[in-house]
Amino acid sequence: MDIDWDALKAHAIEAMNTAYAPYSNFPVGAAAVVDDGRIVTGCNVENASYGVGLCAECGLVSELARTGGGKLVAFSCVDGNGNTLMPCGRCRQLLFEHAAPGMVLDTVSGKKLITEVLPDAFGPNDLKGN
């Protein structure tokens, strides 16, 4: 599947513009291409109880499930200035769970496979047979 990275980043920027970040003033938007070709997005949603805020990746994965599921094949995440962001460790794990084999992320150091940004990841296959 050919990925239009500029268009994917534009979707992430659009999502970032809807973020709810009154405490950190650090809006984040994320966008991903699903294996069926659709694009899902998410934005961060903060909360006065800081620990229960939601990262943009959480919203994206919720949107993935809400719109029919599937596997993520390409991912982009941006800050309030449209700069590429690297997902935190928790969000890398969340993305790994919903990644197609060979999923590619646009990172601060270039395009990388999900297995490169979360090597030796624990996932659904580790639970088989238990």
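All figures in this text were calculated on a predicted structure; none of them were measured in a lab.

J.: I'd like a description of the environment of Val108, backed by residues and values.
T.: You can see Val108 is positioned in the loop between β4 (99–107) and β5 (110–113). Remark: the alpha-carbon pair of Val108 and Gly68, spanning 40 residues in sequence, is separated by 30 Å. Aside from chain neighbours lying at most four places away, what touches Val108 is Thr84, Leu85 and Met86.

J.: A description of the pairing of strand β1 (residues 29–34) should follow, citing residues and the corresponding values.
T.: Counting buried residues along β1, six of its six residues qualify, which places the element largely inside the surrounding structure. On β1, burial covers both faces: Gly29, Ala31 and Val33 on one face and Ala30, Ala32 and Val34 on the other are all buried. The turn linking β1 back onto strand β2 (residues 39–43) is made up of four residues, and Gly37 within it adopts a positive phi angle of 100°. Alignment of β1 against strand β3 (residues 72–78), held across six bridges, turns out to be antiparallel.

What counts as what
- Residues numbered from 1 in each chain as written.
- Predicted model: local features only at pLDDT ≥ 70, side-chain atom pairs only at ≥ 80, totals over all residues.
- Heavy atoms only, no water.
- Helix = DSSP H or I, 4+ residues; strand = E, 2+ residues; numbered from the N terminus.
- Contact = heavy atoms within 4.5 Å.
- Buried < 20%, exposed > 50% of the residue type's maximum accessible area, 1.4 Å probe, protein only.
- Pairing = 2+ DSSP bridges.

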